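Notes for the structure review
For reference, the chains in residue letters:
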Amino acid sequence: SPWAFLICSSALKERTYLSPPTILGKVSVWRSLFGKEADKLEQANDDDKTYYIIEKEPLVNTYISVPKENSTLNCAAFTGGIIEAILTHSGFPAKVTVHWHKGTTLMIKFDEAVVARDKVLEGR
């Protein structure tokens, strides 16, 4: 993936590039927040700056009862704000929206500046 965090392993003496969505969904941040990896991480087919983190049954919804008249209420929606803040303050500005699709889906759209920076770094 183009957007990369640099992970240095002193034991292996090597550098590994991981995308912010991978870090969030599959490595450390998501696991730290929710005690497990995200169910699914996808990149949009038609947009290289859009990613989806999909949780079939979000942990934060486990113990919440939603009345029938509010059946479209997703109590896990606030997690989008948490993820947006982590990305933005890590130097990867993005907008995160939350949708009902295959469970709770966080749609991450990275800022054009992130894409431009990555293209410069890819050229090295």
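Residues numbered from 1 in each chain as written. Predicted model: local features only at pLDDT ≥ 70, side-chain atom pairs only at ≥ 80, totals over all residues. Heavy atoms only, no water.

1. Describing the overall build of the protein
Regarding its fold elements, the protein presents four helices and six strands. Taken over 124 residues, the protein has a buried fraction of 33%. In the protein, the proportion of contacts linking residues at least 24 apart, taken out of those at least 6 apart, comes to 42%. (Helix = DSSP H or I, 4+ residues; strand = E, 2+ residues; numbered from the N terminus. Buried < 20%, exposed > 50% of the residue type's maximum accessible area, 1.4 Å probe, protein only. Contact = heavy atoms within 4.5 Å.)

2. Describing the side chain of Lys49
Mapped onto the secondary structure, Lys49 falls in the loop between strand E3 (40-43) and strand E4 (50-55). Here Glu112 takes part through its side chain, which lies 2.5 Å from a polar atom of the side chain of Lys49. (Polar contact = N/O pair within 3.5 Å; in protein donor to acceptor, adjacent residues only side chain to side chain.)

3. Let's talk about the environment of Ile64
Inspection of the secondary structure assignment puts Ile64 in the loop between E4 and helix H3 (78-88). Spatially, the C-alpha atoms of Ile64 and Ala76 are 10.0 Å apart, while their sequence positions differ by 12 residues.

4. Let's talk about the packing of aromatic side chains
Applying the stated criterion across every chain yields a total of two aromatic pairs. Between the aromatic rings of Trp30 and Phe34, the centroid separation amounts to 4.7 Å while the plane-to-plane angle is 50 degrees, which identifies the pairing as tilted. Highlighted residues: Trp30 and Phe34, both in helix H2 (residues 29-34), separated by four residues, approximately one helical turn. Neither residue differs from the other here; Trp30 and Phe34 are each classed as buried. Taking 5.9 Å as the distance between ring centres and 85 degrees as the angle between the ring planes, the aromatic pair formed by Tyr51 and Phe110 counts as edge-to-face. Placement of Tyr51 in strand E4 and of Phe110 in strand E6 (residues 104-110) is noted, with a sequence separation of 59 residues between them. The exposure class assigned to Tyr51 is buried, which follows from its relative accessible area of 4%. (Phe/Tyr/Trp six-rings, centres within 6.5 Å; stacked < 30°, edge-to-face > 60°.)

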